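One letter stands for each residue in the lines below.
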Amino acid sequence: QVPLVESGGGLGQTGGSLRLSCAASGWTFSNYAMGWFLQAPGKERDVVAVLSADGSSTYYVDSVKGRFTISRGNAKNTVHLQMSDLKPEDTAVYYCAAGTYYSISGPYHPNEYPYWGQGTQVTVSS
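Residues numbered from 1 in each chain as written. Predicted model: local features only at pLDDT ≥ 70, side-chain atom pairs only at ≥ 80, totals over all residues. Heavy atoms only, no water.

(A) Structural view of the side chain of Asp90. Position of Asp90 among the secondary structure elements: in the loop between β8 (78-83) and β9 (92-99). Those residues in contact with Asp90 that sit more than four places away from it in its chain are Arg67, Phe68, Asp85, Val122 and Val124. (Helix = DSSP H or I, 4+ residues; strand = E, 2+ residues; numbered from the N terminus. Contact = heavy atoms within 4.5 Å.)

This is how it looks when you write it as structure tokens:
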């Protein structure tokens, strides 16, 4: 079974907003850092945002600072990515991931996170 499931993707407009959600099946995120990664066509999978296991610290890639917010839901098995001021360059498949690695300054690599969702497509029209 897929350990994480993303939802909330779809078509957004430039300057608009989308809210992505991630839910775990049969377990919680309590002891894991949670990350959102993206993979654009023809590009490597790259980090977008990471939330530390205790929820006290966050990391954002420069291109989304001030626009995206990662947060845990009230349910302990949920995490969200609020995407605002969308740009066409945000178009990609977004993946939710869980792991034990966290750094306030990065870098992050996908292979540092053992648990992944199937991804959700985000397309931003111009």
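Resuming the write-up.
(B) Here's a closer look at the environment of Tyr60. Structurally, Tyr60 can be placed in strand β6 (residues 58-60). Looking at Tyr60, the relative accessible area reads 17%, which means it is buried. Separated by 46 residues in the primary sequence, Tyr60 and Gly106 place their C-alpha atoms 9.0 Å from one another. Among residues more than four places away in sequence, those in contact with Tyr60 are Val48, Ala49, Lys65, Phe68, Thr69 and Ile70. From its side chain, Tyr60 meets the backbone nitrogen of Ile70 in a polar contact 3.0 Å long. (Buried < 20%, exposed > 50% of the residue type's maximum accessible area, 1.4 Å probe, protein only. Polar contact = N/O pair within 3.5 Å; in protein donor to acceptor, adjacent residues only side chain to side chain.)

(C) Looking closely at the packing of aromatic side chains. Scanning all chains against the criterion turns up 11 aromatic pairs. Considering the side-chain rings of Tyr32 and Tyr115, the 5.7 Å spacing of their centres and the 90 degrees angle between planes classify their relative orientation as edge-to-face. Pair noted here: Tyr32 is in the loop between β3 (18-24) and β4 (33-39) and Tyr115 is in strand β10 (residues 115-116), with a separation of 83 residues, a long-range link. Overall, the relative accessible area of 22% leaves Tyr32 in the partly exposed class. Owing to a relative accessible area of 34%, Tyr115 belongs among the partly exposed residues under this scheme. With 5.3 Å between their ring centres and 75 degrees between their planes, Tyr101 and Tyr108 make a pair best called edge-to-face. (Phe/Tyr/Trp six-rings, centres within 6.5 Å; stacked < 30°, edge-to-face > 60°.)

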